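Residue strings, one per chain:
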Amino acid sequence: MFLHCFRYELTTAVREKSVLFWLVIFPAVLALLMNAAFSSIYDKTSKFSTIPVAVVENSTDLLFRSVMDAFEDNEEPLLKATYTTEEEALGMLERKEVKGIIYTGRTLTLSLADTGVEETVLRTFTDQYVVSSAVISDLIKQDPAMAQKAGEAMSAELDICREEPLTKGNTDPFVQYFYNLIAMVAIYGSILGLQISINNQADLSPLAARKACSPVSKTVGVAASLAAAWLVESVCIVLFVTFVRFVLGVELGGDLRLIYLSSILGGMAGVSIGFFIGSSNRFSNEVKFGVSMAVNMTLCFFSGLMASSIKLVIEEKAPWFNRINPPAVISNSLYYLNVDDDLHRYAPAIAALAAMTLLFSVAGAVFSRRKRYASL
Amino acid sequence: MEKTVVKTQNLVKRYGDLIALDHLELDIKEGEIFGLLGPNGSGKTTAINCILSLLAFDKGTIEIFGKKMTPASFDIKKEIGVIMQNVAVFEELTVQENIDYFCGLYIRDKAQRKQCVEDAIKFVGLEDFRKFYPKKLSGGLLRRLNIACGIAHKPKLIILDEPTVAVDPQSRNRILEGIEELNRAGATVIYTSHYMEEVEQICTRIAIIDKGHKIAEGTKDELKSMIFNTETVNIEILDLPDEVRKEIDSLPHISGTDYEDGRLTVKCSGGSHNLIRILDVLRGRDLAFGRVTSELPTLNDVFLEITGKALRDKEE
């Protein structure tokens, strides 16, 4: 009997167009837009690329030359120097072919035409070079053969001007928005959960009334509906994560299998929450849907979907809320996978999602257990 | 002795201060088409929902097939087919899938179920629509699907709660014929409606309820015999002298006459051949008359006489 009910519950859930829209199309479009918006910002602000610079040698500076040569040995050098005349260098700066002009001579000077991250890196580089070169120059005067070694050492030192990540994961701050989006898809599983209560409580729909007249126990009917909804939600969220990771090319960080696990468990928790909301009150179906959407959006808001700083504020003021807010738990679990080398923070988050799924499913089932209704 | 299929005793259901069922007593026998007739809001659907154990009630007992009915009475539910007032099917399943789903809640054996589904499709005449989704069906076809979902498992007791609401005449006739066919095949039927013509047409026994209380019960003839006026004769006649009217008034079983705008209305209470006797009087006086009609009382007349109000709103 379970399999019979499961088969048809699955068929109806798959054919339900609103499910396709809210769990597949809507998030995919949102992800597409977010990716288009954030990838360009990230490229501009965060992603490192070699900075082109013109060098005008007023006098030969061996140390500077060896530093620049050492840079070029790197796969992704901090600077790419073009040695040229001042006139040509100014032209290149005007045409924005270079970010600045370094003048060598008695001291190193820098000429910039703009402000920005790359210009700041150039300024930091020249300032640091001037300080370090004074010490090293004295050593070279004593032993000119030291110039190359000193240059390599200095190059390595100056290379820290480049921002180095603290983790092996994706350091793009905007990836957090995709975690929140995955959390949103998971929590939207509540639409399926809500439908379970509507289709299984005789006071909510004629369909449920007809089911209640059949010789199938409420427990079997609800279990089949929940299992089908969990499966549909899991497939939807796996498709979404796959779309984000492989179609949009967003590096989510961490083991992909564990990312899928988080997402699936989050989706199951979302279904269970919707089932609980649908079963636990006597509101009309329309009000239930409204309440469910309001709860979802509020939880997503507090998890940082609309403004990432909210979650940080909550972490500071009421950290316990971030441990029980399902979307926050989902996005945090993905974040932990990205930044942590082990699973010491991920595992409790996953356990919390499993516990939520169980808790809300059981509570929803208790509310909708076999009963006679006061009114239909 | 006929077996009792459904028995309610002293059934009371209140919604706050409103008494929806007022000590309702029903005793429905095997093989009957039992009609529950009453105006909208009289308590018909509430009674059905209580019988099906969907609705909690305040007082009384309900027995089906001799056993107490509870929400967990799965052995009883297995033998019941329900067709609710509102269409209850999955929008996302085809006609065949819907019937198969509901039939599968009662019958586990696949081969038996397949045969039952086929029979149900043929029974309601949806052979050409088996792959259609419900939203593609007309109102009448949708009602037929609703019925097929309720009877596919061949239940012993079929409960139909206003199954012909908003149905075209052709589908309505087909539904009513179908109910009679199911009854002939052995099913006991409980049929609720506020359409007295339908109840008169198919029900073998009728209970009239008003304000949750059973006000009359019996066969349609038994119910009609309960009222004083048993026949109304209408005669178009241009001129009716007072002495002729008095002569008609004095005939046996005539309870009253009315003459207005060339139309004579004669109310009869019992007796037979009343019309012939009235026409004999007119012919004896050489009075020319036009169209003559004789109306037998309807269940609405029964309801009107007992409660003082019409069974159905005029606009219906």
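Along each chain, residues carry numbers from 1 onward, in the same order as the chain's sequence is written. Throughout, the order in which chains and ligands are written sets their labels, letters from A for the former and numbers from 1 for the latter. A pLDDT threshold of at least 70 governs which residues receive local features in this predicted model, and a stricter bar of 80 or more applies before side-chain atom pairs are shown or counted, although totals over entire chains, interfaces and linings include all residues.

What follows concerns the sheet that holds strand S5 (residues 67–68) of chain B. Residue and element names in this part refer to chain B. Should DSSP find at least two bridges between two strands, the strands are taken to pair. Numbering goes from the N terminus for both helices and strands, where a helix is a DSSP run of H or I of at least four residues and a strand is a run of E of at least two. Reading across from one edge, S2-S1-S4-S5 is the order of the four strands in this open sheet, with antiparallel pairing throughout. Two strands lie at the open edges of the sheet, namely strand S2 (18–29) and S5, each paired on one side alone. Pairing of strand S4 (residues 59–64) with S5, which is carried by two bridges, proceeds in the antiparallel orientation. Across the sheet, residue Ile64 finds its bridge partner in S5, namely Lys67.

How big an interface is tends to be stated in terms of the accessible area lost upon association of its parts. Those domain boundaries reflect an automatic or database domain assignment. Assigned domains within chain A: domain 1 (2–42 + 169–367) and domain 2 (51–161). Placing a centre on the C-alpha atoms of domain 1 of chain A and another on those of domain 2 of chain A gives a separation of 53 Å.

All names here are of chain A. Strand order in the open sheet formed by four strands is S2-S1-S3-S4, with mixed pairing between adjacent strands. Of all strands in the sheet, those bounded by a partner on one side alone are strand S2 (79–83) and strand S4 (109–112). When the angles between neighbouring strand axes are averaged without regard to direction, this sheet yields 30°. Here the axes come from fitting lines to C-alpha atoms, over the contacting stretch only for helices, and the angles between their N-to-C directions go from 0 to 180 degrees.

We now examine the packing of helix H7 (residues 175–187) of chain A against helix H12 (residues 285–302) of chain A. Residues and elements named next belong to chain A. Orientation of H7 relative to H12, taken along the N-to-C sense of each, is 160°, at an axis distance of 10 Å. As the angle between them shows, H7 and H12 are arranged roughly antiparallel. As for how H7 packs across H12, the hand of that crossing is right-handed. In this structure, H7 uses Asn180, Ala183, Met184 and Ile187 to contact H12, whose residues at the interface are Asn296, Leu299 and Cys300. Side-chain classes follow a simple rule in which Ala, Val, Leu, Ile, Met, Phe, Trp, Tyr, Cys and Pro form the nonpolar group, Asp, Glu, Lys and Arg form the charged group, and the remainder, Gly included, forms the polar group. When its residues are assigned to classes, the contact of H7 with H12 shows five nonpolar, two polar and no charged. An angle below 35 degrees is treated as roughly parallel, one above 145 as roughly antiparallel, one from 65 to 115 as roughly perpendicular, and anything else as oblique. Helix crossings get a hand from a simple test, with the near helix turned counterclockwise from the far one by less than a right angle marking a left-handed crossing and a clockwise turn marking a right-handed one. Any residue pair is listed as a contact if its two C-beta atoms, each placed from the backbone, are within 7 Å.

On to the pairing of strand S8 (residues 188–193) of chain B. Residue and element names in this part refer to chain B. Any residue with 12 or fewer other C-beta atoms within 10 Å of its own C-beta is exposed, any with 20 or more is buried, and the rest are partly exposed; the C-beta atoms used are placed from the backbone. Burial runs high along S8: six of the six residues are buried. Here S8 shows two buried faces, one formed by Thr188, Ile190 and Thr192 and the other by Val189, Tyr191 and Ser193. Pairing of strand S3 (residues 33–37) with S8 involves five bridges; the strand directions are parallel. From the neighbouring strand, Ile33 faces S8, where its bridge partner is Val189. Where strand S7 (residues 157–161) and S8 come together, five bridges link them in parallel fashion. The residue of S8 that forms the bridge with Ile158 is Val189.

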